[in-house]
Amino acid sequence: VYASLLITDNLYLKFGAVTLDLVTQENLGTGSAYGNTDLDGHTFGVGYNMEMDNGVFLRAEAMRVKIGGISLTSTNNTDNKIVLDDVDGVNASISWGKTF
């Protein structure tokens, strides 16, 4: 889910919420198993959108995503834990298309 806010006719800011399903499918020799969980985070970025008279558009966008960490404990040994620290990522995209 996201929302964008126009700063000028072409420049915009984008903010959003992110939810991921973490599915563990490990087969460990120790017999340890870890349950599935959800990860939540947020995304934010900036973009530029240019529309031409013939309906062609050009868009450039840079986004950053931050996802919170989680700790999972083994189902058969509470001493075994997996810790996923906060996950950060960035992406940039350039797209073009035509509106009809």
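All of these numbers come straight from a predicted model, not from anything done at the bench.

Visitor: Break down the packing of aromatic side chains for me, with residues and values.
Guide: Given two aromatic rings, their pairing is described by the distance between the two centres and the angle made by the two planes. Under the counting rule described, the total for this entry stands at zero aromatic pairs. For the cation-ring pair, lysine 14 lies above tyrosine 2, with the distance from its terminal atom to the ring centre recorded as 4.4 Å. Over the aromatic face of phenylalanine 100 sits the side chain of lysine 98, whose NZ or CZ is 6.0 Å from the ring centroid.

Visitor: Break down the sheet that holds strand 7 (residues 87-98) for me, citing the residues and quoting the values.
Guide: The strands making up a sheet are joined through hydrogen bonds of the backbone, oriented either antiparallel or parallel. If you trace the five strands from one edge of the open sheet to the other, you get 1-2-3-4-7, paired in antiparallel fashion. The open sheet is flanked by strand 1 (2-6) and strand 7, the only strands paired with a single partner. Here the strands of the sheet are splayed against their neighbours by 20 degrees on average, with no regard to which way each runs. Bridging between strand 4 (residues 56-67) and strand 7 involves twelve bridges; their strand directions are antiparallel. Of the residues in strand 7, the one forming a bridge with isoleucine 67 is valine 87.

Visitor: Can you tell me about the pattern of salt bridges, naming the residues and giving the values?
Guide: Applying the stated criterion across every chain yields a total of three salt bridges. Between aspartate 88 and arginine 64 there is a salt bridge, with its nearest N and O atoms 3.6 Å apart. Residue aspartate 88 is found in strand 7, and its partner arginine 64 is found in strand 4; the two are separated by 24 residues along the sequence. A residue is classified by how much of its surface remains accessible, and aspartate 88, at 42% relative accessible area, is partly exposed. Between lysine 66 and aspartate 88 there is a salt bridge, with the nearest N and O atoms lying 3.1 Å from each other. Here lysine 66 is found in strand 4, whereas its partner aspartate 88 is found in strand 7, with 22 residues between them in sequence. Taken together, the shared-partner salt bridges connect Arg64, Lys66 and Asp88 into one network.

Visitor: Talk me through the side chain of serine 32; I want residue IDs and the actual numbers.
Guide: Position of serine 32 relative to the elements: it lies in the loop between strand 2 (11-22) and strand 3 (37-51). At 3.2 Å, the side chain of serine 32 forms a polar contact with the side chain of serine 74. Of note is the side chain of serine 32, whose polar atom sits 3.5 Å from the side chain of asparagine 76. Not counting residues up to four positions away in its chain, the partners in contact with serine 32 are Ser74, Asn76 and Asn80.

Calculation notes
Residues numbered from 1 in each chain as written. Predicted model: local features only at pLDDT ≥ 70, side-chain atom pairs only at ≥ 80, totals over all residues. Heavy atoms only, no water. Phe/Tyr/Trp six-rings, centres within 6.5 Å; stacked < 30°, edge-to-face > 60°. Lys NZ or Arg CZ within 6 Å of the ring centre and 35° of its normal. Pairing = 2+ DSSP bridges. Helix = DSSP H or I, 4+ residues; strand = E, 2+ residues; numbered from the N terminus. Axes fitted to C-alpha atoms, helices over the stretch in contact; angles between N-to-C directions. Salt bridge = Lys/Arg side-chain N within 4 Å of Asp/Glu carboxyl O. Buried < 20%, exposed > 50% of the residue type's maximum accessible area, 1.4 Å probe, protein only. Polar contact = N/O pair within 3.5 Å; in protein donor to acceptor, adjacent residues only side chain to side chain. Contact = heavy atoms within 4.5 Å.

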